[in-house]
Amino acid sequence: MPLPPKKRWESMAKGLVLGALFTSFLLLLYSYAVPPLHAGLASMTPEGAAPCSPAPGEPETATPANISVGGCQPQRNIVFMKTHKTASSTLLNILFRFGQKHGLKFAFPNGRNDFDYPAFFARSLVQDYHPGACFNIICNHMRFHYDEVRGLVPPNATFITVLRDPARLFESSFHYFGSVVPFTWKLSSQDKLAEFLQDPDRYYDPNGYNAHYLHNLLFFDLGYDSGLDPSSPLVQEHILEVEHRFHLVLLQEYFDESLVLLKDLLCWELEDVLYFKLNARRASAVPRLSGELYQRATAWNVLDARLYRHFNASFWRKVEAFGQERMAREVAALRRANEHMRRICIDGGHAVDAAAIQDSAMQPWQPLGAKSILGYNLKKSIGRRHAQLCRRMLTPEIQYLMDLGVNLWVTKLWKLIRDFLQW
């Protein structure tokens, strides 16, 4: 029996009110889960907060690079400035495994899987932080603030980060984050990336929500102004500051060579740097930039391009100092060991689409509105010697953080809402 007109209007009104309330709740939750871009230095830890107090007897000088294995001790105090879309999730897994294996103390975020990014990092954001607290490893996404990070680790901590060709990084970031950057919604063509690069200034709003993801993202992540005038002397000053602060800057395009240098710097074993590629997109979701678009993407991200060129040059100087033949031998050994683990651990021997992943514990976080990130299926029968290592090597970031006891209530709630709404 149809409802009388009055009742029907009342029902519609209630639905509209409930819908508005639910939408408001989602917006509030998302605003908390992704802080505003300009939340910044005002949230820093108050001056006078006690810096990290290292354990008695711990050496206070950093382990020098390229020291012979016989004369160095494994470095256990590490700051990894995790940049976006640079194979950083793979490196994060390496650090998680090393820290877990040696019972090290991580500085983890509280409630989510990053330190309130894109706000600047502050010590107070660390789970269970108290003045004077000292940690071995910091490695989750943040907007870097050197003084705040420096106060959490011993004086001998090694600082590392990873960069990527800025045009390729921009392409990846546009694919992964574009749907949550509102000014991209104005793009009407099928190839939104190409349309944007034809005239970036027409669409880009530096004050727009999540705009930082689509302009000089490396510069932004490292704590600098991504909208600096390229002719400003501050650009080169910032690049030299990064060189002064970081013991090693890895390159995504030369990941194996980077890991060999990292292993040498930290005095680690080969097993410590074994890896499977995590958080990678499937091939069909990776459009190739044409020559012209590649140049446009590089020009649009000119600050990142200058940063990358500087550290690309310094990287190869480090390789030269390490020794070209020695590097070739060690890269070959790393690749053989990775291939050996692939045959032992991975069902089918390769990554698969999200829909083909059988265990939810192996399901990676997906970009909003897409299922383009690949994952793995663990083999059913793995010997006791390798079972634990295989699982840890294949576990995605969010699940690994939960295994390590991190409080991720905001991230988990956001996932429940996304799953319910099928986003």
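Since the model is a prediction, treat every value here as computed from it, not as a measurement. Numbering of residues starts from 1 in each chain and follows the order in which that chain's sequence is written. With the structure being a predicted model, the display of local features is reserved for residues of pLDDT at least 70 and the display and counting of side-chain atom pairs for 80 or more, all residues being used for whole-chain, interface and lining totals. Hydrogen atoms and water are omitted, and side-chain values are computed over all heavy atoms in the structure.

## Some remarks on helix 13 (residues 384-394)
Two residues of an α-helix separated by three or four positions point the same way, owing to the 3.6 residues in each turn.
Alright, step 1. We call a residue buried when its accessible area falls under 20% of the maximum for its residue type, exposed when it is over 50%, and partly exposed in between, using a 1.4 Å probe and counting protein chains only. Runs of H or I in DSSP of at least four residues are treated as helices and runs of E of at least two as strands, each being numbered from the N terminus. Looking at helix 13, one finds that the buried residues are His 386, Leu 389, Cys 390, Met 393 and Leu 394. Buried residues of helix 13, viewed axially, fall in a sector of 120°; they line one side. Exposed residues pointing more than 90 degrees away from the buried face of helix 13 are listed as Arg 384 and Gln 388.
Alright, step 2. For helix 13, the elements touching its buried residues are helix 2 (88-101) and helix 12 (324-345). The directions from the helix axis to the C-beta atoms are what the arc is built from. Pairs of residues are marked as contacts when any of their non-hydrogen atoms sit within 4.5 Å.

## Considerations on the pairing of strand 1 (residues 78-81)
Alright, step 1. Burial of strand 1 is two-sided: the residues Ile 78 and Phe 80 facing one way and the residues Val 79 and Met 81 facing the other way are all buried.
Alright, step 2. A pair of strands is labelled paired if DSSP reports no fewer than 2 bridges between them. Both strand 1 and strand 3 (residues 137-138) contribute to a ladder of two bridges, which runs parallel. Within strand 3, the residue paired with Ile 78 across the bridge is Ile 137.
Alright, step 3. Two strands pair when backbone bridges link them, and strand 1 and strand 4 (residues 158-163) are joined in this way by four bridges, in the parallel orientation. Directly across from Val 79, in strand 4, lies its bridge partner Phe 159.

## Concerning the sheet that holds strand 5 (residues 248-251)
Alright, step 1. The parallel open sheet is built from five strands, whose spatial order is 2-3-1-4-5. A strand with exactly one partner marks an edge of an open sheet, and here the two such strands are strand 2 (106-107) and strand 5.
Alright, step 2. In terms of strand pairing, strand 4 meets strand 5 through four bridges, oriented parallel. In the sheet register, Leu 163 faces strand 5, and the bridge partner there is Leu 251.
Alright, step 3. Helix-sheet contacts for helix 2 involve strand 1, strand 2, strand 3, strand 4 and strand 5, and the interaxial angle to strand 1 is about 160°.
Alright, step 4. To define axes, lines are fitted to C-alpha atoms, for helices over the stretch in contact only, and angles between the resulting N-to-C directions are given on a 0 to 180 degree scale. Running over the sheet, helix 11 (residues 302-322) touches strand 4 and strand 5 and is turned about 100° from strand 5.

## Brief notes about the confidence of the model for the chain
Alright, step 1. Mean pLDDT for the chain: 86, with 80% of residues reaching 70 or above.
Alright, step 2. Each residue carries a pLDDT score, the predictor's confidence in it, ranging from 0 to 100. In this model residues 26-40 is a low-confidence stretch, pLDDT under 50, and it forms 34 contacts with partners more than four residues away in sequence or in other chains.
Alright, step 3. In this model residues 59-69 is a low-confidence stretch, pLDDT under 50, and it forms 18 contacts with partners more than four residues away in sequence or in other chains.

## A word on the state of the cysteines
Alright, step 1. Two cysteine sulfurs form a disulfide in these notes if their separation is within 2.5 Å. By the definition in use, this model includes three disulfides.
Alright, step 2. Two residues, Cys 52 and Cys 134, share a disulfide whose sulfurs are 1.8 Å apart. Here Cys 134 lies in the loop between strand 2 and strand 3 and Cys 52 lies in the loop between helix 1 (5-33) and strand 1, a separation of 82 residues in the sequence. In this structure, Cys 52 and Cys 134 share a single accessibility class: buried.
Alright, step 3. In the chain, the cysteines engaged in disulfides, taken in order along the sequence, are linked 1-3, 2-4, 5-6.

## Brief notes about the packing of helix 9 (residues 255-266) against helix 11
To describe two helices that pack against each other, one gives the angle between their axes and the distance between the axes.
Alright, step 1. It is the contact of helix 9 with helix 11, at a shortest axis distance of 11 Å, that shows an interaxial angle of 60°. Between helix 9 and helix 11, the angle is such that the two are oblique. Once helix 9 is placed against helix 11, the crossing between them reads as left-handed. For the pair helix 9 and helix 11, the contacting residues are Glu 257, Ser 258, Val 260, Leu 261 and Asp 264 in the first and Phe 315, Lys 318, Val 319 and Phe 322 in the second.
Alright, step 2. Only Asp, Glu, Lys and Arg are considered charged in this grouping, and only Ala, Val, Leu, Ile, Met, Phe, Trp, Tyr, Cys and Pro are considered nonpolar; every other residue, Gly among them, is considered polar. Counted by class, the contact of helix 9 with helix 11 contains five nonpolar, one polar and three charged residues. If an angle is under 35 degrees, it is roughly parallel; if it is over 145, roughly antiparallel; if it lies from 65 to 115, roughly perpendicular; otherwise it is oblique. Should the near helix be turned anticlockwise from the far one by less than a right angle, the crossing is left-handed, and should it be turned clockwise, the crossing is right-handed.

## Quick word on the environment of Ile 137
Alright, step 1. Mapped onto the elements, Ile 137 comes out in strand 3.
Alright, step 2. Looking at Ile 137, the relative accessible area reads 0%, which means it is buried.
Alright, step 3. Sequence separation of Ile 137 and Phe 106 is 31 residues, and the distance between their C-alpha atoms is 4.8 Å.

## Focus: the side chain of Thr 161
Alright, step 1. Looking at where Thr 161 falls in the secondary structure, it is placed in strand 4.
Alright, step 2. For Thr 161, the side chain forms a polar contact with the main-chain oxygen of Met 81, separated by 2.7 Å.
Alright, step 3. Leaving out residues up to four positions away in the same chain, Thr 161 has contacts with Phe 80, Met 81, Thr 83, Phe 246, Leu 248, Val 249 and Leu 250. Under the rule applied, a polar contact is a pair of N or O atoms within 3.5 Å (in protein, one hydrogen donor and one hydrogen acceptor; residues adjacent in sequence only if both atoms are side-chain atoms).

## Focus: helix 9
Alright, step 1. One less than the number of residues in a helix, times 1.5 Å, gives the span that helix is expected to have. Counted at 1.5 Å a residue, the expected span for helix 9 with its 12 residues is 16 Å, and the 16 Å between its end C-alpha atoms agrees.
Alright, step 2. Counted residue by residue, helix 9 has 12 buried out of 12 residues, so it is predominantly covered.
Alright, step 3. Of the residues making up helix 9, those classed as buried are Phe 255, Asp 256, Glu 257, Ser 258, Leu 259, Val 260, Leu 261, Leu 262, Lys 263, Asp 264, Leu 265 and Leu 266.
Alright, step 4. Where helix 9 is buried, its residues touch strand 1, helix 2, strand 4, strand 5, helix 11 and helix 12.
Alright, step 5. Residue Cys 267 follows helix 9 closely and has a positive phi angle near 60°.

## Digging into unusual backbone geometry
Most peptide bonds are trans, and most residues other than glycine sit at a negative phi.
Alright, step 1. A cis amide bond links Tyr 117 with the next residue in sequence, Pro 118, at an omega value of 10°.
Alright, step 2. One can find Pro 118 in the loop between strand 2 and strand 3.
Alright, step 3. In this structure, Asp 116 is a non-glycine residue whose phi angle is positive, near 50°.
Alright, step 4. Counting through the fold element by element, Asp 116 comes out in the loop between strand 2 and strand 3.
Alright, step 5. We note that Cys 267 has phi near 60°; this positive angle belongs to a residue other than glycine.

## Things to note about the packing of aromatic side chains
Alright, step 1. The aromatic pairing rule takes the rings of Phe, Tyr and Trp, using the six-membered ring of Trp, and pairs them if the centres are within 6.5 Å, calling planes under 30 degrees apart stacked, those over 60 edge-to-face and the rest tilted. One pass over the structure, following the stated rule, counts 28 aromatic pairs.
Alright, step 2. Arranged with centres 4.9 Å apart and planes meeting at 70°, the rings of Tyr 176 and Phe 177 form a pair that is edge-to-face. Here the two residues Tyr 176 and Phe 177 agree in accessibility, since each one is buried.
Alright, step 3. Above the ring of Tyr 176, the side-chain terminus of Lys 85 is found at 3.7 Å from the ring centroid. Geometrically, a charge over a ring is one whose NZ (Lys) or CZ (Arg) sits within 6 Å of the ring centre while staying within 35 degrees of the ring normal.

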